[in-house]
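# Structural overview for review
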Amino acid sequence: MKSFILASGSPRRKELLEQAHYSFSIQTSAVEEIVEEGLSPAEVVQQLAKQKAEDVWSKAKGAVVLGSDTVVAFEDKILGKPENEEEAKAMLQMLSGHTHSVYTGVAICSQEGVMTFYEKTDVEFYSLSEEDITMYIRSGEPFDKAGSYGIQGFGAFLVKRIVGDYFAVVGLPLARTMRELKKIDITPNM
């Protein structure tokens, strides 16, 4: 049986793979994330996922390594993780009442080679009051999340609708990932 490694410290990605009954270990990548100028959000997430997966794979030959990265994009601008309350508030105000896109890229490194893909999900926010934003920031959730929110937690109250893969917004497009892993004989333990 091939060793399967998740190249991510994300608790959400870990939970999703556990939910799908995979046996895996976790090794986080120490690579400095470098993004070329002028890339689309889809290209950015695939490039970052690939950098992480290749970094871990280079130290774990023979294993299958999964890397992933998620960004939030609004009006062609990528929104990262906020550094403070002011940034979180500004991002939430920007997204309020609008639709933005969440891109999650996946890279799988194995003896068979490297394959990358991404999923794009459109997320529409309700119009948020100052009170809504303040309450959400006080929850502490925005600070380790791209775009300053997490759909799977308290941030669910911000979201009016989504079009696309819910799990990609959480951090890993699970159905597509499972199909790609199956092609290289990485299957759930049932």
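Scroll up to find the structure.
My aim in this report is to walk through the structure given alongside it, one point at a time. (Residues numbered from 1 in each chain as written. Predicted model: local features only at pLDDT ≥ 70, side-chain atom pairs only at ≥ 80, totals over all residues. Heavy atoms only, no water.)

Tallying secondary structure elements over the chain gives six helices and seven strands in all. Counted from the first residue to the last, the chain has its helices and strands arranged as β-α-β-α-β-β-α-β-β-α-β-α-α. Since a compact globule built from 190 residues should have a radius of gyration of about 16 Å, the 17 Å found for the chain is in line with a globular shape. For the chain, long-range pairs separated by at least 24 residues make up 67% of all intrachain contacts whose partners lie at least 6 apart in sequence. Carbon and sulfur atoms form 48% of the exposed surface of the chain, whose accessible area is close to 9,600 Å². With 20 positive and 28 negative side-chain charges, the chain shows a spacing of 6 Å between the two charge centroids. (Helix = DSSP H or I, 4+ residues; strand = E, 2+ residues; numbered from the N terminus. Rg over C-alpha atoms; globule rule 2.2 N^0.38 Å. Contact = heavy atoms within 4.5 Å. Areas by Shrake-Rupley, 256 points an atom, 1.4 Å probe, with all protein chains shown as cover. Lys, Arg positive; Asp, Glu negative; His and termini not counted. Charge placed at Lys NZ, Arg CZ, Asp CG, Glu CD.)

Okay, the packing of aromatic side chains next. How two aromatic rings sit relative to each other is set out by the distance from centre to centre and by the angle between their planes. Applying the stated rule across the entire model yields eight aromatic pairs. Centre to centre, the rings of Tyr136 and Phe157 are 6.2 Å apart; their planes meet at 65°, and the pair counts as edge-to-face. Here Phe157 lies in the loop between helix H4 (130-138) and strand E7 (159-163) and Tyr136 lies in helix H4, a separation of 21 residues in the sequence. Classification of Tyr136 by relative accessible area gives buried; the value is 0%. (Phe/Tyr/Trp six-rings, centres within 6.5 Å; stacked < 30°, edge-to-face > 60°. Buried < 20%, exposed > 50% of the residue type's maximum accessible area, 1.4 Å probe, protein only.)

Here we take up the packing of helix H3 (residues 85-95) against H4. Helix packing for two helices is described by the angle between their axes and how far apart those axes are. Where H3 meets H4, the closest approach of the two axes is 10 Å, and the angle between their N-to-C directions is 135°. One way to sum up the angle between H3 and H4 is to call them oblique. The handedness of the crossing between H3 and H4 is right-handed. Along the contact surface, H3 presents Glu85, Ala88, Lys89, Leu92 and Gln93, while H4 presents Glu130, Ile133, Tyr136 and Ile137. Residue composition of the contact of H3 with H4, by class: five nonpolar, one polar and three charged. (Axes fitted to C-alpha atoms, helices over the stretch in contact; angles between N-to-C directions. Parallel < 35°, antiparallel > 145°, perpendicular 65-115°, else oblique. Left-handed = near helix turned anticlockwise from the far one by under 90°. Nonpolar A, V, L, I, M, F, W, Y, C, P; charged D, E, K, R; others polar.)

Spatial relationships are all this shows, so hold off on functional conclusions.
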